[in-house]
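Listed here are the chains, written in short residue letters.
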Amino acid sequence: YSGEGTYYTPGLGSCGKTNSATDLIAAINAPQYDATGSSNSASICGKCVQVKGPKGEVKVTIADRCPACKSGDLDLSPAAFDQIGDESEGRISISWSF
């Protein structure tokens, strides 16, 4: 998949767990999240994703849903985003796979 990567401040995610900015997690776009179920019962919760960005790669766990993200987009924790891009850019091109 490919899309845009952004970052957010994690808390209690749609998958039912509380995470922090230092966790290597992502919120997947709403279309791909919703296709796997609803709420914290979505089958995509807990899946690992390898994300490539301008500065490298990072492995993250799907822990949340990004309502504003388009299909292919991921919203990453700051710790994950920092490994593949610069926060000053805010939005970066990414590719990723399960």
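- As annotated in an unreviewed UniProt entry, the chain carries the name Non-catalytic module family EXPN protein and is attributed to Coemansia reversa.

1. Some details on the state of the cysteines
And then number 1: Counting across every chain of the model gives two disulfides.
And then number 2: Put simply, Cys-15 and Cys-45 are joined by a disulfide, and their sulfur atoms are 2.0 Å apart. With the S-S dihedral at roughly -85°, the linkage between Cys-15 and Cys-45 falls on the left-handed side. Taken together, the positions of Cys-15 in the loop between strand 1 (2-7) and strand 2 (25-29) and Cys-45 in the loop between helix 1 (30-34) and strand 3 (48-53) put the pair 30 residues apart, joining distant regions of the chain.
And then number 3: According to the relative accessible area criterion, Cys-15 is buried, its value standing at 13%.
And then number 4: One disulfide bridge connects Cys-66 with Cys-69, the sulfur atoms lying 2.0 Å from each other. Because the torsion about its S-S bond is 70°, the bridge between Cys-66 and Cys-69 counts as right-handed. Accessibility assignment for this pair places Cys-66 and Cys-69 in one class, buried.
And then number 5: No disulfide involves Cys-48; its sulfur sits 12 Å from that of Cys-15, the nearest cysteine.

2. Quick notes on the pattern of salt bridges
And then number 1: With the rule as written, the count across this model stands at three salt bridges.
And then number 2: For Glu-4, the salt bridge is made with Arg-91, and the minimal N-O distance between the two is 2.9 Å. Here the residue Glu-4 occupies a position in strand 1, and Arg-91 occupies one in the loop between helix 2 (78-84) and strand 6 (92-97), the gap between them amounting to 87 residues.
And then number 3: Take Arg-91: its relative accessible area is 47%, and that puts it in the partly exposed class.
And then number 4: One salt bridge connects Lys-55 with Asp-86, and the closest N-O pair in it is separated by 3.2 Å. Separated by 31 residues along the polypeptide, Lys-55 in the loop between strand 3 and strand 4 (56-66) and Asp-86 in the loop between helix 2 and strand 6 bring together distant segments of the chain.
And then number 5: Take Lys-55: its relative accessible area is 47%, and that puts it in the partly exposed class.
And then number 6: For Asp-86, a relative accessible area of 33% corresponds to the partly exposed category.

3. Section: the side chain of Thr-6
And then number 1: By secondary structure assignment, the location of Thr-6 is in strand 1.
And then number 2: For Thr-6, a relative accessible area of 12% corresponds to the buried category.
And then number 3: Setting aside anything within four residues of it in sequence, one finds Thr-6 in contact with Leu-74, Asp-75, Leu-76, Phe-81, Gly-90 and Arg-91.

So, how was this worked out
Residues numbered from 1 in each chain as written. Predicted model: local features only at pLDDT ≥ 70, side-chain atom pairs only at ≥ 80, totals over all residues. Heavy atoms only, no water. Disulfide = S-S within 2.5 Å. Helix = DSSP H or I, 4+ residues; strand = E, 2+ residues; numbered from the N terminus. Buried < 20%, exposed > 50% of the residue type's maximum accessible area, 1.4 Å probe, protein only. Salt bridge = Lys/Arg side-chain N within 4 Å of Asp/Glu carboxyl O. Contact = heavy atoms within 4.5 Å.

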